[in-house]
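Below, each chain spelled out in residue letters.
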Amino acid sequence: NVTIFKSNQQTLNYFPLRLARKFKNLTEILIYGSSMMEINPKDLRQFKFNLKVFVVQTGNIEVLQSALFATMPNLEEVSFAYNEIMHVSDGVFTNLKHLNKLWFVYNRCHEGNSIDGNTTAVMQLSNEIERKCKGKFVKNN
């Protein structure tokens, strides 16, 4: 009956696989202070319609790929605040019709504000983020 997965200041280099298989009732994922540099859409395909909150804060995420949330249309809250995001692909937030909280402060491509509780303002902010964070990203190996 676990509904919340929380990782705080743990050494997470990759997004936890099979999380949805172990915890079938998850509605929230909260990851703070990880060392992950990316989250792939395939990492999140394991989560279907029940996830409401997705937070990856204070980390090293650099890129948000399109279709990241393709299988999670019921998300209400997303936070990537305090990361290293330099690029956001078009359409990352497109299918999130219930999103009413978007926290995206202190990233490389967007220092701006966060919105809480206003779906229209959230969609405007998500469009602004995608526009500002479109730059070409080349990963250093």
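Residues numbered from 1 in each chain as written. Predicted model: local features only at pLDDT ≥ 70, side-chain atom pairs only at ≥ 80, totals over all residues. Heavy atoms only, no water.

Caption draft 1: Region of the structure containing the overall build of the protein chain. Each helix and strand counted, the protein chain has three helices and nine strands in total. Starting at the N terminus and ending at the C terminus, the protein chain contains elements arranged as β-α-β-β-α-β-β-β-β-β-β-α. For a compact globule of 141 residues, the expected C-alpha radius of gyration is about 14 Å, and the protein chain comes in at 14 Å, within 12% of that figure. In terms of its C-alpha atoms, the protein chain occupies a principal-axis envelope of roughly 40 × 40 × 25 Å. Buried positions account for 46% of the 141 residues belonging to the protein chain. Long-range contacts, defined as pairs at least 24 residues apart, comprise 57% of the intrachain contacts of the protein chain with a sequence gap of at least 6. Accessible surface for the protein chain amounts to roughly 7,600 Å². Of this, 48% is attributable to carbon and sulfur atoms. Each charge sign in the protein chain was given a centre, from 17 positive and 12 negative side chains, and these centres are 8 Å apart. (Helix = DSSP H or I, 4+ residues; strand = E, 2+ residues; numbered from the N terminus. Rg over C-alpha atoms; globule rule 2.2 N^0.38 Å. Buried < 20%, exposed > 50% of the residue type's maximum accessible area, 1.4 Å probe, protein only. Contact = heavy atoms within 4.5 Å. Areas by Shrake-Rupley, 256 points an atom, 1.4 Å probe, with all protein chains shown as cover. Lys, Arg positive; Asp, Glu negative; His and termini not counted. Charge placed at Lys NZ, Arg CZ, Asp CG, Glu CD.)

Caption draft 2: Summary view of the sheet that holds strand β9 (residues 115-116). Judged by pairing direction, the sheet is mixed, and its six strands sit side by side in the order β1-β2-β4-β6-β8-β9 without closing on themselves. In this open sheet, the two strands that pair with only one neighbour each are β1 (4-8) and β9. The sheet contact formed by strand β4 (residues 53-57) and strand β6 (residues 77-79) spans three bridges and is parallel. Across the sheet, phenylalanine 54 pairs through a bridge with valine 78, a residue of β6. Contacts from helix α3 (residues 119-132) reach β8 (101-103) and β9, with the element oriented near 30° to β8. (Pairing = 2+ DSSP bridges. Axes fitted to C-alpha atoms, helices over the stretch in contact; angles between N-to-C directions.)

Caption draft 3: Inspection of the packing of aromatic side chains at higher detail. Taken as a whole and judged by the stated rule, the model has seven aromatic pairs. Judged by centre distance (6.3 Å) and plane angle (40°), the ring pair of phenylalanine 69 and phenylalanine 80 falls under tilted. Linking phenylalanine 69 in the loop between β5 (63-64) and β6 with phenylalanine 80 in the loop between β6 and β7 (87-88), this pair joins segments that are eleven residues apart in sequence. By the burial criterion, phenylalanine 69 is buried, and phenylalanine 80 matches it. Chaining the aromatic ring pairs together yields one cluster made of Phe15, Phe47, Phe54, Phe69, Phe80 and Phe93. (Phe/Tyr/Trp six-rings, centres within 6.5 Å; stacked < 30°, edge-to-face > 60°.)

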